[in-house]
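Coordinate analysis (summary)
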Amino acid sequence: GAGVSQSPRYKVAKRGQDVALRCDPISGHVSLFWYQQALGQGPEFLTYFQNEAQLDKSGLPSDRFFAERPEGSVSTLKIQRTQQEDSAVYLCASSLVLGTDYTEAFFGQGTRLTVV
Amino acid sequence: KQEVTQIPAALSVPEGENLVLNCSFTDSAIYNLQWFRQDPGKGLTSLLLIQSSQREQTSGRLNASLDKSSGRSTLYIAASQPGDSATYLCAVRRFGAGTASKLTFGTGTRLQVTL
């Protein structure tokens with residue numbers, strides 16, 4: 001597609017429910033990032049993939065958070081046993097890597113997760 | 001650890017005014033800096049990307065400057081319009097491949113341009 005696509009746009013989950021958020025990056029973009037944005041804050045890094053390899057997951061807040069990108073394109077962020085503090089907008093971004101040059105990051109519209 | 005600060009947190013200006021948004025960062029070993037715009041309930045739209053070797057970038061009414069040694073960037077918006085109302089975020093990317101390539105964001109400046 002022309003841009004980064006995320007689905008669903010909105011998700012309401014009951015506390016304790018598992019959720020899966022999908023990101024479809026720009027075709028050919030090697031790098032894929034997940035960020036979490038709380039209300040009124042800047043996005044915070046969660047995890048990073050280069051192709052199918054998850055190179056950095058240092059930002060995942062707990063072991064309830066899991067991300068995968070099995071074929072190096074679409075990625076899924078899964079949150080198990082959701083808690084109210086997980087309520088946030090989850091943003092996905094992709095960028096093209098040329099050697100060690102990172103081009104600008106392009107973001108999707110985000111998934112707004114509300115845990116009730 | 002890289003920290004990014006944006007001042008002011010909020011700004012209201014009348015239409016037509018020129019304005020400057022500020023971004024400062026603590027670690028000058030950056031690869032590039034990117035300015036984004038975020039409309040309420042929406043994702044981030046990239047405005048300008050400045051590589052560490054560059055001093056400024058321009059796009060239409062927007063001009064971004066970078067002073068890496070002092071850890072500062074400014075976004076200049078000329079002849080502001082109500083459609084410019086949004087939150088503006090700056091983000092820095094560190095040097096290095098792989099894990100160091102993540103963006104570190106400021107908390108943003110919420111801009112309102114009034115008629």
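Please refer to the structure higher up on the page.
Worth saying up front: this structure is predicted, and the values here are computed from it rather than measured. (Residues numbered from 1 in each chain as written. Chains lettered and ligands numbered in written order. Predicted model: local features only at pLDDT ≥ 70, side-chain atom pairs only at ≥ 80, totals over all residues. Heavy atoms only, no water.)

Notes on the environment of B:Arg72
Assignment of secondary structure puts B:Arg72 in strand β8 (residues 72–77). With near-sequence residues (within four places) excluded, B:Arg72 lies in contact with B:Cys23, B:Ser24, B:Phe25, B:Ser65, B:Leu66 and B:Asp67. (Helix = DSSP H or I, 4+ residues; strand = E, 2+ residues; numbered from the N terminus. Contact = heavy atoms within 4.5 Å.)

Re the packing of aromatic side chains
As enumerated under the stated definition, the model contains nine aromatic pairs over all chains in all. With 5.6 Å between their ring centres and 85° between their planes, A:Tyr35 and B:Phe105 make a pair best called edge-to-face. Of this pair, A:Tyr35 sits in strand β4 (residues 31–37) while B:Phe105 sits in strand β10 (residues 103–105), which puts the two residues in different chains. Relative to B:Phe105, the ring of A:Phe107 has its centre 5.9 Å away and its plane inclined at 80°; by these criteria the two rings are edge-to-face. A residue pair is termed interchain when its members come from two chains, as with A:Phe107 in strand β12 (residues 106–107) and B:Phe105 in strand β10. (Phe/Tyr/Trp six-rings, centres within 6.5 Å; stacked < 30°, edge-to-face > 60°.)

So, the sheet that holds β8(B)
Pairing between sheet strands relies on hydrogen bonds along the backbone, with the strands arranged either parallel or antiparallel. All names here are of chain B. Spatial strand order, β1-β3-β8-β7-β6: five strands in an open sheet with antiparallel pairing. The two strands at the open ends of the sheet, each matched to only one other strand, are β1 (4–7) and β6 (56–59). Along the sheet, successive strands turn relative to each other by an average axial angle of 15°, direction set aside. Relative to strand β7 (residues 62–67), β6 runs antiparallel, the two sharing four bridges. By the bridge assignment for β7, glutamine 57 is matched with alanine 64. (Pairing = 2+ DSSP bridges. Axes fitted to C-alpha atoms, helices over the stretch in contact; angles between N-to-C directions.)

Looking at the pairing of strand β7 (residues 65–68) of chain A
Residues and elements named next belong to chain A. Residues of β7 alternate between two faces, with Phe65 and Ala67 buried on one and Phe66 and Glu68 left unburied on the opposite face. Across four bridges, β7 lies against strand β8 (residues 75–79) in antiparallel orientation. For phenylalanine 66, the partnering residue across the bridge sits in β8 and is lysine 78. What sits between the antiparallel neighbours β7 and β8 is a turn of six residues, in which glycine 72 has the positive phi angle 75°. (Buried < 20%, exposed > 50% of the residue type's maximum accessible area, 1.4 Å probe, protein only.)

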